[in-house]
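Residue strings, one per chain:
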Amino acid sequence: MTVVGNPRSWSCQWLPILILLLGTGHGPGVEGVTHYKAGDPVILYVNKVGPYHNPQETYHYYQLPVCCPEKIRHKSLSLGEVLDGDRMAESLYEIRFRENVEKRILCHMQLSSAQVEQLRQAIEELYYFEFVVDDLPIRGFVGYMEESGFLPHSHKIGLWTHLDFHLEFHGDRIIFANVSVRDVKPHSLDGLRPDEFLGLTHTYSVRWSETSVERRSDRRRGDDGGFFPRTLEIHWLSIINSMVLVFLLVGFVAVILMRVLRNDLARYNLDEETTSAGSGDDFDQGDNGWKIIHTDVFRFPPYRGLLCAVLGVGAQFLALGTGIIVMALLGMFNVHRHGAINSAAILLYALTCCISGYVSSHFYRQIGGERWVWNIILTTSLFSVPFFLTWSVVNSVHWANGSTQALPATTILLLLTVWLLVGFPLTVIGGIFGKNNASPFDAPCRTKNIAREIPPQPWYKSTVIHMTVGGFLPFRYPPFIPWLLLSGS
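Residues numbered from 1 in each chain as written. Predicted model: local features only at pLDDT ≥ 70, side-chain atom pairs only at ≥ 80, totals over all residues. Heavy atoms only, no water.

- In the nomenclature of an unreviewed UniProt entry, the chain corresponds to Transmembrane 9 superfamily member from the organism Pan troglodytes.
- Recorded in UniProt for the chain, the comment headed Sequence similarities (unreviewed entry) runs: "Belongs to the nonaspanin (TM9SF) (TC 9.A.2) family."
- Entered under Function (unreviewed entry) in the UniProt record, the comment concerning the chain runs "Plays an essential role in autophagy." (UniProt positions renumbered as here; feature names shortened; annotations may be inferred.)

Put into structure tokens, the structure is as follows:
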């Protein structure tokens, strides 16, 4: 089935940057709830379908052989909604505010064997669907599958042809929406011959009930039962456990370093009179341990431009993460609005580009860098270019498989325009300010003119091994790490 797009469906992507600043079309902290009168039509949008255990793999709802209008009209979406893989379109469901409906016919269908097989594959992969009512997502399964026994093995597949919509309202606003198939018998898709057509009649019911909850945000989390597996939700206990682990590891390292420094300082203080009587020409006479390299610690690295670019991008992402967390804590995100955080992340990334340019250029100038223009170009492309190349491959795979996670061409052009007109200029402006405000680097100790020769190291102390182990440890927590740190002291 071919989905015909509305020419106006992506028109909002070309609105001025002011729309991007608003992100979702509502101000910070505003829920964006529509006010209805009794009998007003409530539009139900069909959105997407996909495997239950892989919510990132989504397809348009009308790619399945389901009831759909003759001409499909898409809803104009915000940037965040498009990035979230939403492709909302109008449906055939007729819902009116506070008017109950009992088993109304949606459509009659005659499915071929190929269409039935498409539905069977979707049900076997546990496909779920997502509808949207007044910015409230409602989800359910496409069909029902039952497997029992070993010998003989039974495999039954059925399609839900009736949906019960339950909506709660307070005054003139919709507070909650849900869909269920309780007390509904699925239509069997088994035993169909290749040349046989399957006749289906899709129906639906709508039930309204009044609730004392005045705002959607006041509704307790989990009242809807939670649709996705718990593994896909935020595990606050795991986050707290990770934070405690980080503090413990930092404490272990600090104790080890303090013990080493205390022993070294005690030895140096005891030998101070003896070492002071030695020749001053031998700068390292009597030094051992970490003091052997104290004259090389502040030596400028050979790839100073890359170091400064990494430092600038890191400062930018630190500001970006802090900004998103602060906005979330202040309640500036409408959790019922699709793609609100995605829009905020794009906005903050573009605005914080000035931080990366300033930090990188400032430090680059401090350590004696002269090619500051090249440093700014490296800073602005250090993250964006690898990210764009990786995303191009992933987006191409989504596009080849018809997934809604593939971004439209207009959205891609919009993101490139934002980067070229906002992100890159702010990086250059920040770099100019950082270069002009930089002062010479003042090291707290002397640096030798000739670098100390470093002896060859074994393979397990190479840079590649350090990068691999250092990147792997944050994602794994073997219980023997604290023991290794303590035993290493």
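1. What to know about the state of the cysteines
Here's step 1: One pass over the full model with this rule turns up one disulfide.
Here's step 2: With its sulfur 1.6 Å from that of its partner, Cys67 forms a disulfide with Cys107. Residues Cys67 and Cys107 share a disulfide whose torsion about the S-S bond is about -60°; that sign makes it left-handed. Linking Cys67 in the loop between strand E3 (59-60) and helix H2 (79-83) with Cys107 in strand E6 (residues 101-111), this pair joins segments that are 40 residues apart in sequence.
Here's step 3: Of the residues examined, Cys67 reaches a relative accessible area of 9% and is grouped as buried.
Here's step 4: Note on Cys354: no disulfide assigned, nearest cysteine sulfur contributed by Cys353 at a separation of 7.7 Å.
Here's step 5: The exposure class of Cys354 is partly exposed, given its relative accessible area of 29%. (Disulfide = S-S within 2.5 Å. Helix = DSSP H or I, 4+ residues; strand = E, 2+ residues; numbered from the N terminus. Buried < 20%, exposed > 50% of the residue type's maximum accessible area, 1.4 Å probe, protein only.)

2. A closer look at the packing of helix H9 (residues 372-382) against helix H10 (residues 384-400)
Here's step 1: Two elements in contact, H9 and H10, have axes whose closest approach is 5 Å; the angle formed by their N-to-C orientations is 35°. Here Thr380, Ser381 and Leu382 of H9 lie close against H10, whose contacting residues are Ser384, Val385 and Pro386.
Here's step 2: Of the residues contributing to the contact of H9 with H10, the split by class is three nonpolar, three polar and no charged. (Axes fitted to C-alpha atoms, helices over the stretch in contact; angles between N-to-C directions. Contact = heavy atoms within 4.5 Å. Nonpolar A, V, L, I, M, F, W, Y, C, P; charged D, E, K, R; others polar.)

3. Some thoughts on the pattern of salt bridges
Here's step 1: According to the stated counting rule, one finds ten salt bridges in the structure shown.
Here's step 2: We note a salt bridge from Arg207 to Glu102, for which the minimum N-O separation is 3.6 Å. Pair noted here: Arg207 is in strand E14 (residues 198-210) and Glu102 is in strand E6, with a separation of 105 residues, a long-range link.
Here's step 3: Accessibility expressed as a relative area gives 36% for Arg207, which makes it partly exposed.
Here's step 4: You can call Glu102 exposed: its relative accessible area is 57%.
Here's step 5: Put simply, Arg207 and Asp164 hold a salt bridge, and the shortest N to O gap is 3.3 Å. Of the two residues, Arg207 is situated in strand E14 and Asp164 in strand E11 (residues 162-170); the sequence distance between them amounts to 43 residues.
Here's step 6: Of the residues examined, Asp164 reaches a relative accessible area of 11% and is grouped as buried. (Salt bridge = Lys/Arg side-chain N within 4 Å of Asp/Glu carboxyl O.)

4. Observations concerning the sheet that holds E6
Strands pair in a sheet through their backbones, by hydrogen bonds, and they do so in one of two ways: parallel or antiparallel.
Here's step 1: Pairing within the open sheet is mixed, and its four strands lie in the order E6-E14-E11-E12. Of all strands in the sheet, those with a lone pairing partner are E6 and strand E12 (173-180), marking the two edges. Recorded for the sheet is a direction-independent mean angle of 20° between the axes of neighbouring strands.
Here's step 2: Pairing geometry for E11 and E14, over eight bridges, is parallel. Note that in E14 the partner of Asp164 across the bridge is Ser205.
Here's step 3: Its contacts with the sheet put helix H3 (residues 113-124) on E6 and E14, and the angle it makes with E6 is roughly 125°. (Pairing = 2+ DSSP bridges.)

5. Quick look at the packing of aromatic side chains
Here's step 1: Applying the stated criterion to the full structure yields 22 aromatic pairs.
Here's step 2: Relative to Phe169, the ring of Phe97 has its centre 5.6 Å away and its plane inclined at 70°; by these criteria the two rings are edge-to-face. Taken as a pair, Phe97 in the loop between strand E5 (95-96) and E6 and Phe169 in strand E11 lie far apart in primary sequence, 72 residues in all.
Here's step 3: When the ring centre of Trp372 is taken as origin, the NZ or CZ atom of Lys435, which lies over that ring, is 4.8 Å away. (Phe/Tyr/Trp six-rings, centres within 6.5 Å; stacked < 30°, edge-to-face > 60°. Lys NZ or Arg CZ within 6 Å of the ring centre and 35° of its normal.)

6. A short note on a nonpolar patch on the surface
Here's step 1: Judged by side-chain polarity, Val385, Phe388, Leu389, Leu413, Leu416, Leu420 and Leu421 come together as a nonpolar surface patch covering roughly 640 Å² of accessible area.
Here's step 2: Of all the secondary-structure elements, those providing two or more residues to the nonpolar patch are H10 and helix H11 (409-436).
Here's step 3: Of all the elements, H11 adds the most residues to the nonpolar patch, at four residues.
Here's step 4: Inspection of the secondary structure assignment puts Leu420 in helix H11.
Here's step 5: By relative accessible area, which is 48% here, Leu420 ends up partly exposed. (Patch = residues over 30% accessible without salt bridge, like charges linked within 9 Å, V, L, I, M, F, W, Y side chains within 5 Å. Areas by Shrake-Rupley, 256 points an atom, 1.4 Å probe, with all protein chains shown as cover.)

7. Digging into the UniProt feature "transmembrane region" (unreviewed entry) in the chain
Here's step 1: As annotated in UniProt, the feature "transmembrane region" (unreviewed entry) corresponds to residues 236-258, 306-333, 339-360, 372-394 and 406-433 in the numbering used here.
Here's step 2: The span residues 339-360 carries 91% helix and 0% strand; its end-to-end C-alpha distance comes to 31 Å.
Here's step 3: What you have in residues 406-433 is 89% helix and 0% strand, and the ends, taken at the C-alpha atoms, are 38 Å apart.

8. Some details on helix H6 (residues 304-329)
Here's step 1: Between its first and last C-alpha, H6 extends 37 Å over 26 residues, near the 38 Å set by a 1.5 Å rise per residue.
Here's step 2: Buried residues of H6: Gly305, Cys308, Ala309, Gly312, Val313, Gln316, Leu320, Gly323, Ile324 and Met327, and no others.
Here's step 3: Summarising the contacts, the buried residues of H6 are in contact with helix H7 (340-351), helix H8 (353-366) and H9.
Here's step 4: Looking one or two places after H6, you find Gly331, whose phi comes out positive at around 75°. (Expected span 1.5 Å × (residues − 1).)

9. What to know about the environment of Asn54
Here's step 1: With respect to the helices and strands, the residue Asn54 is situated in the loop between strand E2 (44-51) and E3.
Here's step 2: You can call Asn54 partly exposed: its relative accessible area is 33%.
Here's step 3: When the C-alpha atoms of Asn54 and Leu126 are compared, they prove to be 9.9 Å apart, with 72 residues separating the residues in sequence.

10. Notes on the side chain of Thr211
Here's step 1: Following the sequence through the fold, Thr211 ends up in the loop between E14 and helix H4 (236-270).
Here's step 2: A distance of 3.2 Å separates the side chain of Thr211 from the backbone nitrogen of Val213, its partner in a polar contact.
Here's step 3: Excluding its chain neighbours within four sequence positions, the residues that come into contact with Thr211 are Glu168, Phe169, His170 and Ile175. (Polar contact = N/O pair within 3.5 Å; in protein donor to acceptor, adjacent residues only side chain to side chain.)

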